[in-house]
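Structural overview
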Amino acid sequence: MRSFLLKLDKFESYACQALLCLFVTLLFIQVILRVVFNYGIPWSEELSRFAFVWFVFLGASYAARLSAHNRVTFHLKLLPEKVRNGIELIADVLWIAFNTLMTVKSIEVIESLMEFPFLSPALDWSMAFLYLIFPISFTLTSIRIVQVNYLKLVKGVKFKDVDDIEMEETKI
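Residues numbered from 1 in each chain as written. Predicted model: local features only at pLDDT ≥ 70, side-chain atom pairs only at ≥ 80, totals over all residues. Heavy atoms only, no water.

1. Structural notes on the UniProt feature "transmembrane region" (unreviewed entry) in the chain
In plain terms, the rule: UniProt positions are given in the numbering used here, feature names are shortened, and annotations may be inferred rather than shown by experiment. A helix here means a DSSP run of H or I that spans at least four residues, while a strand means a run of E at least two residues long, and both kinds are numbered starting from the N terminus.
With numbering aligned to this structure, UniProt lists the feature "transmembrane region" (unreviewed entry) at residues 20–41, 47–68 and 127–146. With 86% helix and 0% strand, residues 47–68 has its two end C-alpha atoms placed 28 Å apart. Between the first and last C-alpha atoms of residues 127–146 the distance is 30 Å; the span itself is 95% helix and 0% strand.

2. Description of the packing of helix α2 (residues 44–65) against helix α5 (residues 133–154)
We count it as follows: Axis angles are defined between N-to-C directions and span 0 to 180 degrees, where every axis is a line fitted to C-alpha atoms and, for a helix, only to the segment in contact. Note that the term roughly parallel is reserved for angles under 35 degrees, roughly antiparallel for angles over 145, roughly perpendicular for angles of 65 to 115, and oblique for everything else. Left-handed is the label given to a crossing in which the near helix is rotated counterclockwise from the far helix by less than a right angle, and right-handed is the label when the rotation is clockwise. What makes two residues a contact is simply this: any of their non-hydrogen atoms within 4.5 Å. Three residue categories are used. Nonpolar comprises Ala, Val, Leu, Ile, Met, Phe, Trp, Tyr, Cys and Pro, charged comprises Asp, Glu, Lys and Arg, and polar comprises the others, including Gly.
Where α2 meets α5, the axes come as close as 7 Å, and the angle between the chain directions of the two elements is 15 degrees. By the angle between their axes, α2 is roughly parallel relative to α5. At the point where α2 passes α5, the crossing takes the right-handed sense. On α5, the residues that touch V53, W54, F57, L58, A60, S61, A64 and R65 of α2 are I133, F134, I136, S137, F138, L140, T141, R144, Q147, V148 and L151. For the contact of α2 with α5, the residue count by class is 13 nonpolar, four polar and two charged.

3. A closer look at the environment of L89
You can see L89 is positioned in helix α3 (residues 81–115). For the pair L89 and K77, spaced twelve residues apart in the sequence, the C-alpha separation amounts to 15 Å.

4. Here we look at a nonpolar patch on the surface
The following threshold applies: In this analysis, a patch consists of residues with relative accessible area above 30% that form no salt bridge, clustered at 9 Å for like charges and at 5 Å for the nonpolar side chains Val, Leu, Ile, Met, Phe, Trp and Tyr. Per-residue accessibility takes into account occlusion by the displayed protein chains alone, with areas from the Shrake-Rupley method and a 1.4 Å probe. Just to be clear on terms, a salt bridge is a Lys or Arg side-chain nitrogen sitting within 4 Å of an Asp or Glu carboxyl oxygen. The buried label applies to any residue whose accessible area, calculated with a 1.4 Å probe on protein chains only, is under 20% of its type's maximum; exposed applies above 50%, and partly exposed to all values in between.
A cluster of nonpolar side chains, namely F28, I29, V31, I32, V35, V36, F37 and Y39, defines an oily patch on the protein surface of about 830 Å² accessible area. By secondary structure assignment, the location of F37 is in helix α1 (residues 2–37). The exposure class of F37 is exposed, given its relative accessible area of 58%.

Now the structure itself:
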């Protein structure tokens with residue numbers, strides 16, 4: 001299982017990096033072509049938008065792995081650590097419930113888009129493929145929430161900084 005999670009870490013990281021490079025490069029080329037040559041590539045804006053959407057949702061999953069999502073926790077610091085961990089666990093269970101609902105509903109939308117195809121204007125791709133990121137991301141985020149809680153509550157890893165998570169994971 002640990003090997004799978006480490007491979008998932010690398011996949012998410014590399015996929016986010018590749019998607020970021022893709023949409024930034026496409027947009028840069030598009031700007032240069034429009035400004036210098038008064039010409040634009042019709043499909044580049046659409047592909048960069050799709051890459052950005054996938055980047056954001058894969059990045060959300062990776063941020064959950066790094067325990068880097070914003071939370072309002074200043075009031076929890078006044079409580080004992082066990083109580084704080086319990087409250088955060090309840091919040092994470094609610095987050096997983098939300099992710100599960102979003103996964104189910106996004107699969108319903110994808111099934112509808114498969115039955116009644118809707119194509120992107122420039123690339124002529126089925127929008128169902130773009131929407132696949134939703135169940136993928138919400139499922140991965142739930143896996144990451146469970147992973148971080150396991151590390152924190154069972155293994156006793158304390159996360160002071162985002163970099164600490166990666167260092168602690170290699171020790172465990």
